[in-house]
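Now for the letters of each chain:
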2 protein chains.
Amino acid sequence: MVMGKNDELESLRHQVSDITAQIIRNVHRRMELAKQIGEIKSSLGIDVKDEKVEQEIRLRVLSLADEIGMGRDFALQLLNVLLEESEQAQVQKRLQKGQRQTHLGIFMKAKQLEASGKRIIHMEIGEPDYPPPARVGESLADSFRLRQYHYTDTRGIPKLRDAIAEKEGVSEDEVVVTPGGRFAVFSAITSLLKAGQELIVIEPAWPAYKQCADFIGARTKVLRTTFANKWTPDLQQLEEMMNPSTKMIVLNYPNNPTGKILDGKRLERIVSVAKDNGLYLLSDEVYADYTLKKFASIHEYGYDKSILVSSFSKRYAMTGFRVGYAVANNDIIAKIASVQAIGITSVAEPMQRAALAAMSEYPSENVRMMKKRLDFVCGKLKEMSLRFVEPEGAMYVYPELPRGEDIELVEKLLEKGVAIAPGSGFGDYYRQFVRISACQPEKILEKGLTIMASVMKEQA
Amino acid sequence: MVMGKNDELESLRHQVSDITAQIIRNVHRRMELAKQIGEIKSSLGIDVKDEKVEQEIRLRVLSLADEIGMGRDFALQLLNVLLEESEQAQVQKRLQKGQRQTHLGIFMKAKQLEASGKRIIHMEIGEPDYPPPARVGESLADSFRLRQYHYTDTRGIPKLRDAIAEKEGVSEDEVVVTPGGRFAVFSAITSLLKAGQELIVIEPAWPAYKQCADFIGARTKVLRTTFANKWTPDLQQLEEMMNPSTKMIVLNYPNNPTGKILDGKRLERIVSVAKDNGLYLLSDEVYADYTLKKFASIHEYGYDKSILVSSFSKRYAMTGFRVGYAVANNDIIAKIASVQAIGITSVAEPMQRAALAAMSEYPSENVRMMKKRLDFVCGKLKEMSLRFVEPEGAMYVYPELPRGEDIELVEKLLEKGVAIAPGSGFGDYYRQFVRISACQPEKILEKGLTIMASVMKEQA
């Protein structure tokens, strides 16, 4: 009897091995076909990626999965592995594209130049020059005296979570303290999405969203906005992008880099698209304090799959303390916290204490000052006859270049000691733009912009 | 002509769609077969996982890939997707196993109990109770005064990297400063491995290695060590585990949780296995200062695919500052730094300054004190007639329980205000063990161990 079973086992194993080989052969055949398609497309001048065709095949796979009783998630995961590889096959000989040059890349270059003795005017990075509240300094000294430098709860020290919960009008189990808003974004995207699933990013956008998705093999679909439309997303286009793999929409208003604020009606419609499709809605609101018109937080819409991300970096000029947070329902917070437990254990306790100390003040002076600086930058850019959409918030202006590409200007300026961010760091279609950060005193901004004006004149 | 190409495109697309459907059908058929195999195995009482069968099929796929001219990496990736799914299918109805209860999980429970007013003796976590060097406190106050609280180079401030480079005898471009040794481990594993690739962990082990691998869909293969063999890894077994998907071996000596130190000869042989197979060798040496016999760092072997991980947490009792680092060749450091750029931008600057301040001292008193405490714990455990291998380093003792399972004891003790770590948090096969951390003053350790002794007596 046992021998019989062993024979059966042996025979089944052979079948598995044979069918595996057949699958591999078919996948290879599929790649060959994809390559041929790529060649024809290339000769016809058509884009390699074709959303419509992809959508058709996805629907066929889903209905097949239903028919044969296969899990939809696994069928889609498998299809995504095939689609990614066939895209690769189609562009096989395309030159290895370098990674995007981002504002952070320029910042690193600037830091290296500084380390070698060069002076740099920093208009590439969103780092306010003013100091944090004075009590933050006291808190740092206190931390040592009070021995507040231990591992904390992964979600953050209770007092800080309570203070954030009170500010945001939620309960403390809906809050997790992270090392910067960036890690809140990172852990939300990497814990809520799986490889092959999709998130939608409205570009131009902070590059981190796509980078976090890439990191776990999730796919970023881009909803492109344009200068001509004043950076307003086309919501019909958004609806057409939905497919069974779509799992998240990322919002970032006030927007980095454009300063755009979405009106309430549009935000409401986005929330309802998310609801209808059961999507997570990640709203990065780190610039929420720097607003020049009415701004509605995602929280006002009471959507239970929304995640609000905020930070102490911009509000309190505490970039280098690396403290931010996420607010969401407790299930989502548990997932975010699990990434945090794996990656960092907990946020440095003295930094959490400093953030708590900062919260007893509201930095209205910072907000007033940023508005003044933005006005100043806008005025100067107008003098230079540059076109841009007036920012409605955040800390940046995103002007269009009358000629040439962003990287060229950015590199020339860096040579002259002025760092600005290339527009293409926020999306492949924005090589005609640069981002100017208004985080310096007017005198320094003036100096930087004067150098920029003269370099651009030389280019003309 | 153009019409002809369009027709061809259409026909190719149909072929792609048909072959996709065929692949999906075959994969489904494969899953059905796997399920049948699972049922037979279960009736025969055989483990679902069978390394030998897996290895055979892997070799067949590789030779097929070579034959038809398909990339080996992609073929293996595909196979791994199939293998994981078929394991899933085989154990389909197995109860959803809860996540392992780890020392960190117990710590979180203890923290919550403390927040509700209960007093807890912490023998579950590796957090020394003594303070960091005094100049760390001064540095915190200075940071604010000197406005050292900004974004820094992703790899860390130059002075700290220089100091670490000098200590480790490397150049500063071979160093990256991370938020704790944990993030160095996280970013090394997630940047150097891809989904489907494998790393080898020697258990019992700190759970983070497997968690980081799981996070990106890499597979953890376990080399199990036993109490009977004094936690010595069997290197022949290690060699037999090699397959084309193996990419990394993780070492952690002095070991957490056993306190084992590997002798130089064995380490040399592991390095040569790594070399022969082109593997990364991640050596987590955060306990390198707490050694009771000769300890050789991975650095002494000059292997260019090795990554040393260290930290300020244990050496300087600076757990809550969250500063650690990785040392490796510049290519590897660049990969680690790219994860850091995506996840956190840079480590909090005041924490980096604090770490730099600490480095001007060597904490020999901490080392002496830890040795004394370990002796004390060992003595007490002997009085309780518990069996264990005497630790050769680190900060823990890992005794065997004469009866019952770890979780049961851990939970009973937590009720009585004593937190210890379950042995199974370090590997599924260690339910007969618990980890005692010697990070408290002897008086407190005595209190905790007395409670432990009385609870164990009740159980007897």
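Residues numbered from 1 in each chain as written. Chains lettered and ligands numbered in written order. Predicted model: local features only at pLDDT ≥ 70, side-chain atom pairs only at ≥ 80, totals over all residues.

Caption draft 1: Here's a closer look at the overall build of chain A. Counting its regular elements, chain A contains 15 helices and 11 strands. In terms of overall dimensions, chain A is globule-like: its C-alpha atoms have a radius of gyration of 25 Å, near the 23 Å expected for 460 residues. For the C-alpha atoms alone, the extent of chain A along its principal axes is close to 85 × 60 × 50 Å. Relative to its 460 residues, chain A shows a buried fraction of 49%. Sequence separation of 24 or more characterises 73% of the internal contacts of chain A that already satisfy a separation of 6 or more. (Helix = DSSP H or I, 4+ residues; strand = E, 2+ residues; numbered from the N terminus. Rg over C-alpha atoms; globule rule 2.2 N^0.38 Å. Buried ≥ 20, exposed ≤ 12 C-beta atoms within 10 Å, placed from the backbone. Contact = placed C-beta atoms within 7 Å.)

Caption draft 2: Quick peek at the sheet that holds strand S5 (residues 246–251) of chain B. Residues and elements named next belong to chain B. The strand order across the open sheet formed by 7 strands is S2-S8-S7-S6-S5-S3-S4, and the pairing between neighbours is mixed. Because the sheet does not close on itself, it has two edges, and the strands there are strand S2 (175–178) and strand S4 (219–224). The mean inter-strand angle of the sheet, taken between neighbouring strand axes irrespective of direction, is 20°. Bridge analysis of strand S7 (residues 306–311) against strand S8 (residues 324–327) gives 4 bridges, and the strand direction is antiparallel. Bridge assignment links Ser311 to a residue of S8, and that residue is Gly324. (Pairing = 2+ DSSP bridges. Axes fitted to C-alpha atoms, helices over the stretch in contact; angles between N-to-C directions.)

Caption draft 3: Looking closely at the interface of chain B and chain A. Each side of the interface is counted separately: chain B has 89 residues, and chain A has 91 residues. Broken down by element, the side of chain B that touches chain A gets its largest block of residues, 27 residues, from helix H1 (residues 2–44) of chain B. Its residues assigned to classes, the side of chain B that touches chain A comprises 54 nonpolar, 20 polar and 15 charged. (Nonpolar A, V, L, I, M, F, W, Y, C, P; charged D, E, K, R; others polar.)

Caption draft 4: Fine view of helix H5 (residues 134–145) of chain A. With 12 residues, H5(A) ought to run about 16 Å at 1.5 Å a step, and its terminal C-alpha atoms sit 18 Å apart, in line with that. Residues of H5(A) that are buried: A:Val136, A:Ser139, A:Leu140, A:Ser143 and A:Phe144. One side of H5(A) carries all its buried residues, which in axial view fall inside an arc of 135°. Residues A:Ala134 and A:Arg145 are exposed on H5(A) and point more than 90 degrees away from its buried face. The secondary structure elements touched by the buried residues of H5(A) are helix H12 (349–358) of chain A together with helix H5 (134–145) and helix H12 (349–358) of chain B. Phi turns positive one or two residues past the end of H5(A), at A:Arg147, with a value near 55°. (Expected span 1.5 Å × (residues − 1). Arc of directions from axis to C-beta.)

Caption draft 5: Geometry of the domain arrangement of chain A. Residues and elements named next belong to chain A. As assigned here, chain A comprises domain 1 (23–90), domain 2 (103–130 + 363–459) and domain 3 (134–358). Just the C-alpha atoms count here: the centres of domain 1 and domain 3 sit 33 Å apart. Of the residues lining the interface, 7 residues belong to domain 1; the matching set on domain 3 comes to 5 residues. When contributions to the side of domain 1 that touches domain 3 are tallied by element, the ones reaching two or more residues are helix H2 (51–68) and helix H3 (72–90). Of the residues forming the side of domain 1 that touches domain 3, the biggest block, 4 residues, is contributed by H3. Partitioned by chemical class, the residues of the side of domain 1 that touches domain 3 number 3 nonpolar, 3 polar and 1 charged. (Domains from an automatic or database assignment.)

Caption draft 6: Here's a closer look at the relation of the copies chain B and chain A. Rotating chain B by 180° and moving it 0.0 Å along the rotation axis overlays it on chain A with an RMSD of 0.1 Å. Such values leave the two copies arranged in the relation of a two-fold axis. When C-alpha positions in chain B are compared against the rotation axis, the closest is assigned to B:Ala141, at 2.5 Å. Same-surface contact between copies: 100% of interface residues of chain B are shared with the interface of chain A. (Least-squares fit on C-alpha atoms with pLDDT ≥ 70 in both.)

Caption draft 7: Quick peek at the sheet that holds strand S10 (residues 418–422) of chain A. All names here are of chain A. Ordered by their spatial adjacency, 4 strands build an open sheet running S1-S10-S11-S9, and the pairing between neighbours is mixed. The outermost strands of the open sheet, each flanked by one partner alone, are strand S1 (121–123) and strand S9 (396–397). Examined bridge by bridge, S1 and S10 share 3 bridges and lie parallel to one another. Paired with His122 across the two strands is Ala419, which belongs to S10. Contacting S1, S10 and strand S11 (434–437), helix H4 (residues 103–115) runs over the sheet at an angle of about 160° to S10.

Caption draft 8: A look at the nonpolar core. One finds A:Ala326 and B:Ala326 to be the most contacted residues of the largest nonpolar core, which totals 228 residues. Once you skip the residues sitting within four places of it in the chain, A:Ala326 turns out to touch A:Val176, A:Thr178, A:Ala184, A:Ala188, A:Ile307, A:Leu308, A:Val309, A:Ile333 and A:Ile336. In terms of nonpolar packing, the next biggest core, distinct from the first, is built from 35 residues, A:Ile23, A:Ala65, B:Val81 and B:Leu82 among them. (Core = buried A, V, L, I, M, F, W, Y, C linked by C-beta atoms within 7 Å.)

Caption draft 9: View of the environment of A:Gln211. One can find A:Gln211 in helix H8 (residues 208–215). Remark: the alpha-carbon pair of A:Gln211 and A:Ile189, spanning 22 residues in sequence, is separated by 9.9 Å.

Caption draft 10: A look at the confidence of the model for chain A. Residues and elements named next belong to chain A. Across chain A, the average pLDDT comes to 92, with 96% of residues at 70 or higher. Taken as a whole, residues 91–98 scores under 50 in pLDDT and shows 3 contacts with residues more than four places along the chain or in a different chain. Prediction confidence for the complex, expressed as pTM and ipTM, is 0.90 and 0.89 respectively. (pLDDT = per-residue confidence, 0-100.)

Caption draft 11: Molecular detail of the pairing of S5(B). Residues and elements named next belong to chain B. Among the 6 residues that make up S5, 5 are buried, leaving the element largely enclosed by the rest of the structure. Of the pairings in the sheet, the one linking strand S3 (residues 198–203) to S5 comprises 4 bridges and is parallel in character. Within S5, the position partnered with Val201 by the bridge is Val250. On the question of chirality, the crossover connecting S5 to the parallel strand S6 (residues 280–284) by way of helix H10 (residues 264–277) is right-handed. (Right-handed = clockwise from strand over helix to strand, strands pointing away.)

Caption draft 12: Broad picture of the pairing of S2(B). Residue and element names in this part refer to chain B. Every second residue of S2 is oriented toward a common face, with Val175 and Val177 on one face and Val176 and Thr178 on the other, all of them buried. In this structure, S2 lies alongside S8, joined through 4 bridges in antiparallel fashion. Counted as the bridge partner of Val176 is Ala326 from S8.

Caption draft 13: The environment of A:Asp129, seen in detail. Residue and element names in this part refer to chain A. Residue placement: Asp129 occurs in the loop between S1 and H5. Along the chain, Asp129 and Thr225 lie 96 residues apart, while their C-alpha atoms are 31 Å from each other. Setting aside anything within four residues of it in sequence, one finds Asp129 in contact with Cys439, Gln440 and Pro441.

Caption draft 14: View of the packing of helix H7 (residues 181–192) of chain A against helix H11 (residues 330–343) of chain A. Residues and elements named next belong to chain A. At a closest axis distance of 8 Å, the pairing of H7 and H11 adopts a crossing angle of 110°. As summarised for this structure, H7 and H11 are arranged roughly perpendicular, according to the angle between their axes. When H7 is examined against H11, the residues Ala184, Ser187, Ala188, Thr190, Ser191 and Leu192 are found in contact with a partner set consisting of Lys335, Ile336, Ser338, Val339 and Gln340. Classifying every residue of the contact of H7 with H11 gives 5 nonpolar, 5 polar and 1 charged. (Parallel < 35°, antiparallel > 145°, perpendicular 65-115°, else oblique.)

Caption draft 15: Representation of unusual backbone geometry in the model. Residue A:Pro257 follows A:Asn256 across a cis peptide bond; omega there is 20°. Along the chain, A:Pro257 falls in the loop between strand S5 (246–251) and helix H10 (264–277). In this structure, the amide linkage connecting B:Tyr253 to the following residue, B:Pro254, adopts the cis form with an omega of -10°. Mapping B:Pro254 onto the fold places it in the loop between S5 and H10. Here A:Arg147, not a glycine, exhibits a phi torsion of approximately 55°, which is positive.

Caption draft 16: View of the environment of B:Leu282. All names here are of chain B. Along the chain, Leu282 turns up in strand S6. Here the alpha-carbon distance between Leu282 and Phe74, two residues 208 residues apart in the chain, equals 25 Å. In this structure, Leu282 is in contact with Ala188, Met248, Val250, Leu251, Ile307 and Val309, ignoring residues within four places of it in sequence.

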